[in-house]
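# Structural overview
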Amino acid sequence: MRLPAAKLTALSILITALIATGPTAAGATATDLAPQDDAQPTQTVAAKCGSQRIAGHRGSPSSAAENTMASFKAAVQEGADWLETDVLVTKDGVPVLFHDPTVDRVTNGKGRVQDFTYEELSKLRVTVGPGPSQPIPKLAELLDYLLGTRIRLLMEIKEIARPEDAAVIARMAADSGILVDLYSFYTLHLRTAHNAAPQLPLTLIQGSWYAEDPGDLPLTAISLEAVLATRERVDAEHARHRAVYGWIVDDAVAWQRLVDNTADVIITDTPGAARTWLDHTCSAAQRA
């Protein structure tokens, strides 16, 4: 969930205004690991310790190469309630799971994702990350994998070359039969996606360096860089009937801060460790 350098200063003044206002056994199936309910986190009362969802950021990149099927499967096996991913679209209109606008950082190729056909992109391998290299998956592969589960997908629509592709992505998600949040930094993409699939919940992402004003978008949640997820901000969002997701937090101090501030979802690169910590910490708190 990181933006190109050209975007880093845009709309930064909005942030100030907005701020004011159990681990599972290896080999279990996705259905076995589904959470006990598929509702959105509580949006009107403070989240209690232990009620938070754990979302694997790009799967479990501490266990397998980010945004690959191996990473998503690892996150599910490690006890993630939800998965987070990034969606870009190839030159021939195929939605794929990839974060960066170019393939240079994590694959054995070079060039912009949008300049490849899917056939060309499928020949590359994600080589950065734990374990063996992996292919770049289509969005359809992850949707198929999650079918029949109650694991929610935070599906981030990245900067795409053709705005209408946001509608294609949204309709694919809506037709999949799985639980999906339409999720983006960009209100234009969310609006286009919402018009195509109004039944899907909307989540706006905001960082300390970039945050668009949601305007009249009917958001069900807001996803905040952890530094923005203060108790005051979380309370304000809950008062607006929005759940709050905090990202990206990978240690006990940061997890504790989100729990103390009553955030609803912990987005992390280490879902297994976060799951173990949350279950242990909140069980101990309840016993006390």
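Just so it is clear, the structure is predicted and the values come from calculations on it, not from any experiment. Along each chain, residues carry numbers from 1 onward, in the same order as the chain's sequence is written. pLDDT decides what is reported in this predicted model: residues at 70 or higher carry local features, side-chain atom pairs at 80 or more are listed and counted, and totals for whole chains, interfaces and linings draw on all residues regardless. The side-chain figures draw on all heavy atoms in the structure; neither hydrogens nor water molecules are used.

## Things to note about the overall build of the protein chain
What counts as a helix is a DSSP run of H or I of at least four residues, what counts as a strand is a run of E of at least two, and both are numbered from the N terminus. Within the protein chain one finds nine helices and nine strands. Between buried and exposed lies partly exposed: a residue is buried under 20% and exposed over 50% of the maximum accessible area for its type, with that area taken using a 1.4 Å probe on protein chains only. The burial tally for the protein chain puts 53% of its 288 residues in the buried class. Entry remark: accessible area of the protein chain is about 11700 Å², with carbon and sulfur atoms responsible for 55%. Each accessible area value is a Shrake-Rupley result obtained with a 1.4 Å probe; residue values ignore everything except the protein chains displayed when judging cover.

## Quick word on the state of the cysteines
In what follows, a disulfide is any cysteine sulfur pair within 2.5 Å. Taken as a whole, this structure holds one disulfide when the rule is applied. A sulfur-sulfur separation of 2.0 Å characterises the disulfide bridge that pairs Cys 49 with Cys 282. Taking the torsion about the S-S bond as the criterion, the Cys 49 to Cys 282 disulfide, at about -90 degrees, is left-handed. One end of the pair, Cys 49, is in the loop between helix 1 (13-20) and strand 1 (53-57); the other, Cys 282, is in helix 9 (residues 271-287), with 233 residues separating them in the sequence. Accessibility expressed as a relative area gives 26% for Cys 49, which makes it partly exposed. By relative accessible area, which is 2% here, Cys 282 ends up buried.

## Re helix 8 (residues 252-260)
Every buried residue belonging to helix 8 is among Ala 254, Trp 255, Leu 258 and Val 259, and all of these are buried. When helix 8 is viewed along its axis, its buried side chains cluster within an angular range of 140 degrees and face the same direction. Here a polar contact is taken to be a pair of N or O atoms separated by no more than 3.5 Å, where protein atoms must pair a possible hydrogen donor with a possible acceptor and residues adjacent in sequence count only if both atoms sit in side chains. Where helix 8 starts, the residue carrying a side-chain oxygen 3.0 Å from the main-chain nitrogen of Val 253 turns out to be Asp 251. Downstream of helix 8 by one or two residues, Thr 262 has phi in the positive range, about 60 degrees. Starting at the helix axis, one direction is taken to each C-beta atom, and the arc is that of these directions.

## Remarks on the pairing of strand 6 (residues 202-206)
Along strand 6, five of the five residues are buried, which leaves the element largely enclosed by surrounding structure. A two-sided burial pattern is seen for strand 6, the buried positions comprising Leu 202, Leu 204 and Gln 206 on one face and Thr 203 and Ile 205 on the other. For two strands to be treated as a pair, DSSP must find no fewer than two bridges joining them. Two elements, strand 5 (residues 180-184) and strand 6, share three bridges in a ladder whose sense is parallel. By the bridge assignment for strand 6, Leu 182 is matched with Leu 202. Note on handedness: a crossover is taken as right-handed if, strands pointing away from the viewer, the path from the first strand over the helix to the second is clockwise. Crossover handedness for the path strand 5 to helix 6 (residues 187-196) to strand 6: right-handed. In terms of strand pairing, strand 6 meets strand 7 (residues 221-225) through four bridges, oriented parallel. Looking across to strand 7, one finds that Ile 205 is bridged to Ser 223.

## Some words on the pattern of salt bridges
Between Lys or Arg on one side and Asp or Glu on the other, a salt bridge is scored when a side-chain nitrogen of the former is within 4 Å of a carboxyl oxygen of the latter. This model, assessed by the stated rule, comprises 16 salt bridges. The salt bridge partner of Arg 240 is Glu 237, with a shortest N-O separation of 3.2 Å. Taken together, the shared-partner salt bridges in this structure form one network comprising Arg 58, Glu 66, Asp 86, Asp 100, Arg 105, Glu 156 and Lys 158.

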